[in-house]
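Residue strings, one per chain:
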Amino acid sequence: MIRSQETLNLLLDSISRFVRERLVPNEEIVAETDQIPAGLLQEMKDLGLFGLCLPEEYGGLGLTMEEEVLAAFELGKTSPAFRSAIGSNNGIGSTGLVVDGTAAQKEKYLPRLASGELIGSFCLTEPEAGSDAASLKTRAVRDGDHYVLNGTKRFITNAPEAGLFTVMARTGRDASGADTKGADAISAFVVEAGTAGLSLGKIDRKMGQKGAHTCDVIFENCRVPVENLIGEKEGVGFKTAMKVLDKGRLHIAAVATGAAERMLADALRYAIDRKQFDKPIIDFQLVQAMLADSQAEIYASRCMIVDAAKKRDNGERVTSEASCAKMFATEMCGRVADRAVQIFGGAGYMSEYGIERFYRDVRLFRIYEGTTQIQQIVIARELRRSAGG
Ligand code: CAA
């Protein structure tokens, strides 16, 4: 739902201008240095980008899901590292608190996440628990007015910069004290950086998305106050994580669509400027087909994402729609990236043209926040459920 078209247009215009004038010109520097310049991060804070989706009462702009995906289309039109810097505060690093946190937990952390003073991150994945998230092994054992956490989280986005970690850990025990299996034995906690027993691994070296950092987050007898159990309720942490991902998947779908629009715009410009056989290559129908297929798929993706976002704003459960959108948009983005490199030809393989960087950067969209294959499983399960099977 759009609350005020006029206010939204002003916001989208300012994001779009910021992307064009401040972020796009800095893409190469970020790729070369693996860092977003501190001044740019400050500009992002000043624009309110860290709190776009956080509730207004906690200092955010309170964007609805429809407004959020429209903003994400714009933010997607530059290197994904910029979106990643603000992404966890607006999504996976804060949604657990927003949807299931107590009033006191929200009051304590959301304002600082909204301002960007605190960076949030989401610790679900482990060395042996990726797609099968419910098999995670990190343990949280109650000891007086604390829980003691032990375990390792892997590939955690923004962990090197984070001040607050949302951590899923196993609290379920049987009569003998052994860990119980399954999703209802998992609880979610918020853990502050600097807590004794929390440490970070070295920054991962990745295929792309330079400037966005991931690393292991290690808990060794890390004592977390009981009031940091999200919602002060054990056993619902896996559901919290799934709700976080329902929203996150729609957001990633929109970012992937924005990236596809950017790559199509770059490929279109190149096809108009580049001459072969005495004419611009856009005159050739095989090039036109690649441009046309990309445009049609981007349009389909936008429609799907906006529809799903409107449904979520209406209070509907959008588990299936979010997975459909994430699967379609990220796979589509991969196809557009491949066509864009193809249209650039030999230049597409060379770093100085930038399109190969996008090709590598967007590959992650089909993997994180649930692989395409996990989205297929979710969609098929929802279908089966709807048929009473
Ligand atoms: N909303 C609310 N509850 C949900 C839910 C949802 N979307 N999805 C599942 N649940 C509930 C189920 O109803 C069930 O509850 P009951 O037992 O009360 O019925 C419970 O959660 C367990 O669900 P499942 O039985 O479906 O669980 P499962 O173990 O079979 O697997 C899965 C579910 C879909 C495969 C899930 O494990 C999954 O999504 N895996 C992929 C994990 C993932 O996306 N990881 C990405 C990491 S985060 C990341 O990438 C961030 C980053 O760094 C950028």
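Residues numbered from 1 in each chain as written. Predicted model: local features only at pLDDT ≥ 70, side-chain atom pairs only at ≥ 80, totals over all residues. Heavy atoms only, no water.

(A) Fine view of helix H4 (residues 65–75). For H4, a buried count of 11 out of 11 residues is recorded, marking the element as mostly surrounded by other parts of the structure. Within H4, the full set of buried residues consists of Met65, Glu66, Glu67, Glu68, Val69, Leu70, Ala71, Ala72, Phe73, Glu74 and Leu75. (Buried < 20%, exposed > 50% of the residue type's maximum accessible area, 1.4 Å probe, protein only. Helix = DSSP H or I, 4+ residues; strand = E, 2+ residues; numbered from the N terminus.)

(B) The arrangement of the packing of helix H8 (residues 237–273) against helix H10 (residues 319–344) in detail. Viewed as axis vectors pointing N to C, H8 and H10 meet at an angle of 20°, and their least axial separation amounts to 8 Å. Taken as axis vectors, H8 and H10 run roughly parallel relative to one another. Between H8 and H10 the crossing geometry is left-handed. (Axes fitted to C-alpha atoms, helices over the stretch in contact; angles between N-to-C directions. Parallel < 35°, antiparallel > 145°, perpendicular 65-115°, else oblique. Left-handed = near helix turned anticlockwise from the far one by under 90°.)

(C) Structural view of the domain arrangement of the protein. Assigned domains within the protein: domain 1 (5–115), domain 2 (120–235) and domain 3 (239–386). On a C-alpha basis, the centres of domain 1 and domain 3 stand 20 Å from each other. Contact residues are listed per partner, giving 26 residues for domain 1 and 27 residues for domain 3. Summed over both sides, the interface of domain 1 with domain 3 buries roughly 2,400 Å², with 63% coming from carbon and sulfur. When the buried area of domain 1 at its contact with domain 3 is split by residue, Met65, Phe73 and Arg83 rank highest and sum to 27% of it. Counting across the interface, domain 1 meets domain 3 through 5 salt bridges. In this structure, Lys77 engages Glu261 in a salt bridge whose closest nitrogen and oxygen atoms are separated by 3.7 Å. For the pair domain 1 and domain 3, the interface holds 13 residue pairs in polar contact (both at pLDDT 80 or more). For the side of domain 1 that touches domain 3, the leading source of residues is H4, giving 7 residues. (Domains from an automatic or database assignment. Contact = heavy atoms within 4.5 Å. Buried area = accessible area lost by both parts, 1.4 Å probe. Salt bridge = Lys/Arg side-chain N within 4 Å of Asp/Glu carboxyl O. Polar contact = N/O pair within 3.5 Å; in protein donor to acceptor, adjacent residues only side chain to side chain.)

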